[in-house]
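Summary of the model geometry
What follows is each chain in one-letter form.
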Amino acid sequence: GAGVSQSPSNKVTEKGKDVELRCDPISGHTALYWYRQSLGQGLEFLIYFQGNSAPDKSGLPSDRFSAERTGGSVSTLTIQRTQQEDSAVYLCASSFAKPYEQYFGPGTRLTVT
Amino acid sequence: GENVEQHPSTLSVQEGDSAVIKCTYSDSASNYFPWYKQELGKGPQLIIDIRSNVGEKKDQRIAVTLNKTAKHFSLHITETQPEDSAVYFCAASRQTGANNLFFGTGTRLTVIP
């Protein structure tokens, strides 16, 4: 079946601009996660959504980062006033139940110039 | 929170040899330990996982062992093939009190034909 999809696959933006990254989870998965992967590093947790519950935002690095999940499915990660240190690959994952068996999308590579 | 350390950071083996990657974790309450394989330009792919009620799990050429007393777990790949070349990540989490996976920093495995 269809896996997790993300768009765009690549995004180049100028410092100070806002960007939106999209994630379509696997159908039926109630849990959705965003992670950030900087060059040569492991995955850093950003935010978690589960059904209609309030999201766990404990991993967001600053108030420039926000995310929403509409209708319990598609999620959008927004980064306002982008900085060069925001350059990374942003990965989305989904699962039936947290935190087990998370399936990842291909990621969005963000480059801030 | 949980801290996962992974070694080695790079590993080169001859085709047909075995490869072993080791991880340690700090939170004794962690009970779920997945391994992911990430190929260039792709998202991490879940290849095997183990839960704390078992000590070993095998899937064809891949096996994972868990020592809860010592808080470490390992990935074993036998009869390595060039297509096993990738970056491997270990992770740890627990079902309650955590919403995300905590990842190691990755091991770049190169299988030399």
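Above this note sits the structure.
First things first, this report covers the structure right here in the doc. Bear in mind the structure is a predicted one, so any value in this text is a computation, not a measurement. (Residues numbered from 1 in each chain as written. Chains lettered and ligands numbered in written order. Predicted model: local features only at pLDDT ≥ 70, side-chain atom pairs only at ≥ 80, totals over all residues. Heavy atoms only, no water.)

In total, this model carries 13 aromatic pairs over all chains according to the counting rule given. With centroids separated by 6.0 Å and ring planes inclined at 70 degrees, the aromatic side chains of Y35 of chain A and F45 of chain A adopt a geometry described as edge-to-face. Remark: F45 of chain A occurs in strand β5 (residues 43-50) and Y35 of chain A occurs in strand β4 (residues 31-37); sequence separation between them is 10 residues. With a relative accessible area of 0%, Y35 of chain A lands in the buried category. F45 of chain A gets classed as buried once you look at its relative accessible area, which sits at 10%. Ring geometry for Y35 of chain A versus F104 of chain A: centroids 5.5 Å apart, planes at 45 degrees, classification tilted. Within this pair, whereas Y35 of chain A is found in strand β4, its partner F104 of chain A is found in strand β9 (residues 103-104), the two being separated by 69 residues in sequence. Of the two residues, Y35 of chain A and F104 of chain A, neither departs from the other in class, the shared state being buried. A network of ring pairs unites the aromatic residues Y33, Y35, F45, Y48 and F104 of chain A together with Y36, F89 and F103 of chain B as a single cluster. (Phe/Tyr/Trp six-rings, centres within 6.5 Å; stacked < 30°, edge-to-face > 60°. Helix = DSSP H or I, 4+ residues; strand = E, 2+ residues; numbered from the N terminus. Buried < 20%, exposed > 50% of the residue type's maximum accessible area, 1.4 Å probe, protein only.)

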